[in-house]
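Breakdown of the fold
Here are the chains, one letter per residue:
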Amino acid sequence: MTMAGFKAMAMEGLGPLEPIGALWALILPALMIVGGALLAVGMYTEIAAWAGGVALGSIPAGMLLKAVVGGVQLPSLMPAAINGFIWLIVFMLVIKCTSGCSTKE
């Protein structure tokens, strides 16, 4: 997806909060890239966890916000919100395993 397409998708259905959606469309990929890269190299794991967690957690929150603020029908938003929750659960398991699954003694 191009940045213009992603920005339009993020803004769609937010009603008066569309400028915030446009800003978040720029911040979200940066948080995912920073969080994923730091987690992959094993540096600054707290920052990686926060960056990735905020990015992934904002997806279902944003989808559900579109139903509250923008009047978008909830059934059309639920697949994206559920996918966001699934990825957030997977991310939490990865974070847990990287911090506690170590076999070093």
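For the structure itself, consult the block above.
Definitions and cut-offs
Residues numbered from 1 in each chain as written. Predicted model: local features only at pLDDT ≥ 70, side-chain atom pairs only at ≥ 80, totals over all residues. Heavy atoms only, no water. 1 Å grid on protein atoms, 1.4 Å probe; cavity = no way out; pocket = protein on both sides within 12 Å on 5 of 7 lines; lining within 4 Å. Points joined across faces, edges and corners; volume = space filled by probe spheres on them. Helix = DSSP H or I, 4+ residues; strand = E, 2+ residues; numbered from the N terminus. Nonpolar A, V, L, I, M, F, W, Y, C, P; charged D, E, K, R; others polar.

Let us look at the layout of surface pockets. Approximately 560 Å³ is the volume attributed to the largest pocket. In terms of lining, the largest pocket is formed by 24 residues, of which the most central are Ala-10, Trp-24, Ser-58, Gly-62 and Met-63. Mapped by element, the contributors of at least two residues to the lining of the largest pocket are α1 (3–11), α2 (18–41), α3 (45–70) and α4 (74–100). In the lining of the largest pocket, the residues fall into 18 nonpolar, four polar and two charged. Taken as a whole, the second largest pocket holds about 170 Å³ of empty space. What lines the second largest pocket is Met-32, Gly-35, Gly-36, Leu-39, Gly-52, Ala-55, Leu-56, Trp-87, Val-90, Phe-91 and Val-94. The set of elements that each furnish at least two residues to the lining of the second largest pocket consists of α2, α3 and α4. A class-by-class count of the residues in the lining of the second largest pocket yields eight nonpolar, three polar and no charged.

Everything listed is a geometric property; what it means functionally is a separate question.
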